[in-house]
Amino acid sequence: MEDSAPPVSTPPSKPATGAKATIERFSAAVHRYTELFFEKLTTIVVYHPAVTIGLVFLFVVIMAQGVWFYKEELSPDKQFSPRSSQAVKDEDWVLDRFGYENRPVQTMFEAKEGVNMLTKESLLFMMEMHEWLLSQWKIIDGKNVTYEVVCARYTKGDDCKIPVSVLTFWGHNRTRLEAEPDPLATINTVSWRSLEPSGPPLDSYLGSAVFDSRGALVSARATLISYNFKNEKVEISGIGTDDPQSRYFEIMIAEDSASRRSQDLAKHGIGAYIATLGQHAEAGGEALHSDVNNLIIGYILMLIYASFILSRSRPKYSHSLLGIVSVISVGLSTFSAYGFCWYIGIKFNTVVQVLILVLLGVGVDDTFVIMDSWWDCAHIESMRERMIAAVKHAGPAVTITSVTDLIAFLAGSSSSLPALQDFCYYASVGIAFDFMFQVTFVVAVAYLDTVRQQQSRADVLCCIKVGDHTGVCLGSDEEKARWTEAERGLQNR
């Protein structure tokens, strides 16, 4: 039999010295004092859970008063252009002295294949649409708003600015157009390179224009009428700055033209399309509402997920209610972050509304870490001492996660893009509040949930008493005795 090789002894590691030793001592001290902090905090929470929950809700109510200072930035220019840039300063200077530019509104006409937009019949259809637009009206804020109200004027008291299109050759007058024997010939015989002095050339108002070998215009498949609406912007609740009369008049004519388009295509072979700033703003608003609905769906899915992860097959040992409370805590921290930022004057913007998704990932994860530590402390009999030990053990991990995220978003707040900068401010405050709520509100509810478990009550339906096994109420002493302490300990996992 061969002799076995002697065991190799590992020399003891040398203690760290110098800077390394200082770092290790500092790290150990931070860890030790962090655990001590959570031990004392959790002791207060588990001895006064109802007071803790009440104080958290009081804090949320106080932060909610920030809604009175709510301001929203909806201007894309101001959201994504650096506040200190010369472009923003120049824009503010121009607006202060000259006001906003007119709002362009374009009615575009596209013909089916083989239909010429420059025939008399097609031009008369354009005239019909022009007259239809001028005849529209809408009651806005109790006032009858017509084209004469929303049209742009050179100065107050002047007539409306004249629309520009191929109909300019006939002054947008039906009688003159009807008396025209050959509109295309008139277009080609008049000096038509520009429809108005110093204005753009005619071919900029035509689409798919066809010219013959001599350069004469033969046909066009598309054309447009260009209007100018006033743009006297004011603050509109929930929308931002806009001209309410022009905005809602534009939306109305765009929707009405869309509703009659199929009929026009069937009758004339031409479809009319109206492009306005109001349409774009309305489409953006609808997209935001759709995003909010998606956020609600995501929030509900997270409720289901958190409840599933913390649930167990036996109602007594399940903690699905705590998963719901954790997600609710994230909602409270998000709302509190909004209120606090409104208090200090940070405007809300379209990017900030996704904040809850960021906080959901951070907050619910903290609950999972705390509950995992709770299950690791199953050997502790007292529920209070067990909760204190669990949070004491999980506290440093939860703190490191939250501080890391907080520092990351504080660094992101140095961005020159206002929308991203403000989002990082909201996120930093939200993460701080979420951390605070997780180690107080959620821990208080978690302790009350352990009391429920100790009293053999079902998860969620706390008024129902249950046994250690699923769906069977407490029976005889012999039935209870079948479950050993080891088996019951396993249910705490």
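Residues numbered from 1 in each chain as written. Predicted model: local features only at pLDDT ≥ 70, side-chain atom pairs only at ≥ 80, totals over all residues. Heavy atoms only, no water.

Chemist: Is there a simple way to think about the pairing of strand 7 (residues 222-229) in this case?
Modeler: As a general feature of sheets, a regular strand has side chains that alternate between the two faces. Within strand 7, six of the eight residues are buried, which leaves the element mostly enclosed by the surrounding structure. Here eight bridges tie strand 1 (residues 103-111) to strand 7, and the two strands are oriented antiparallel to one another. Of the residues in strand 7, the one forming a bridge with Phe109 is Thr223. Where strand 4 (residues 206-207) meets strand 7, two bridges bridge the pair, whose relative direction is antiparallel. Looking at strand 7, one finds that Leu206 is bridged to Thr223. (Buried < 20%, exposed > 50% of the residue type's maximum accessible area, 1.4 Å probe, protein only. Helix = DSSP H or I, 4+ residues; strand = E, 2+ residues; numbered from the N terminus. Pairing = 2+ DSSP bridges.)

Chemist: Looking at this model, I keep getting lost on the side chain of Arg103. Mind explaining?
Modeler: Position of Arg103 relative to the elements: it lies in strand 1. You can call Arg103 buried: its relative accessible area is 1%.

Chemist: Can you walk me through the state of the cysteines in this structure?
Modeler: In protein structure, a disulfide is the covalent linkage between the sulfur atoms of two cysteines. Scanning the entire structure with this criterion turns up one disulfide. A disulfide bridge connects Cys151 with Cys160, and the sulfur atoms are separated by 1.8 Å. Across the S-S bond linking Cys151 and Cys160, the dihedral sits near -60°, which makes this disulfide left-handed. As far as the burial class goes, Cys151 and Cys160 line up, both buried. (Disulfide = S-S within 2.5 Å.)

Chemist: Explain unusual backbone geometry to me, please; I cannot follow it from the model alone.
Modeler: Backbone phi values are negative for most residues with the exception of glycine, while trans is the configuration of most peptide bonds. For Asp141, which is not a glycine, the phi torsion comes out positive at approximately 55°. When you line up the elements, Asp141 lands in the loop between strand 2 (137-140) and strand 3 (143-146).

Chemist: What am I meant to see in the packing of aromatic side chains here?
Modeler: Given two aromatic rings, their pairing is described by the distance between the two centres and the angle made by the two planes. Applying the stated rule across the entire model yields 22 aromatic pairs. Summarising the aromatic geometry, the rings of Phe409 and Phe423 are spaced 6.1 Å apart at their centres and angled 75° between planes, so their arrangement reads as edge-to-face. One end of the pair, Phe409, is in helix 14 (residues 383-412); the other, Phe423, is in helix 15 (residues 418-454), and 14 residues separate them in sequence. For Phe423, a relative accessible area of 9% translates into the label buried. Cluster of aromatic residues (ring-pair linked, three or more members): Tyr70, Tyr338, Trp342, Phe348 and Tyr426. Arg32 extends its terminal NZ or CZ atom over the ring of Tyr33, reaching a point 5.4 Å from the ring centre. Against the face of Trp132 rests Arg260, its NZ or CZ located 5.6 Å from the ring centre. (Phe/Tyr/Trp six-rings, centres within 6.5 Å; stacked < 30°, edge-to-face > 60°. Lys NZ or Arg CZ within 6 Å of the ring centre and 35° of its normal.)

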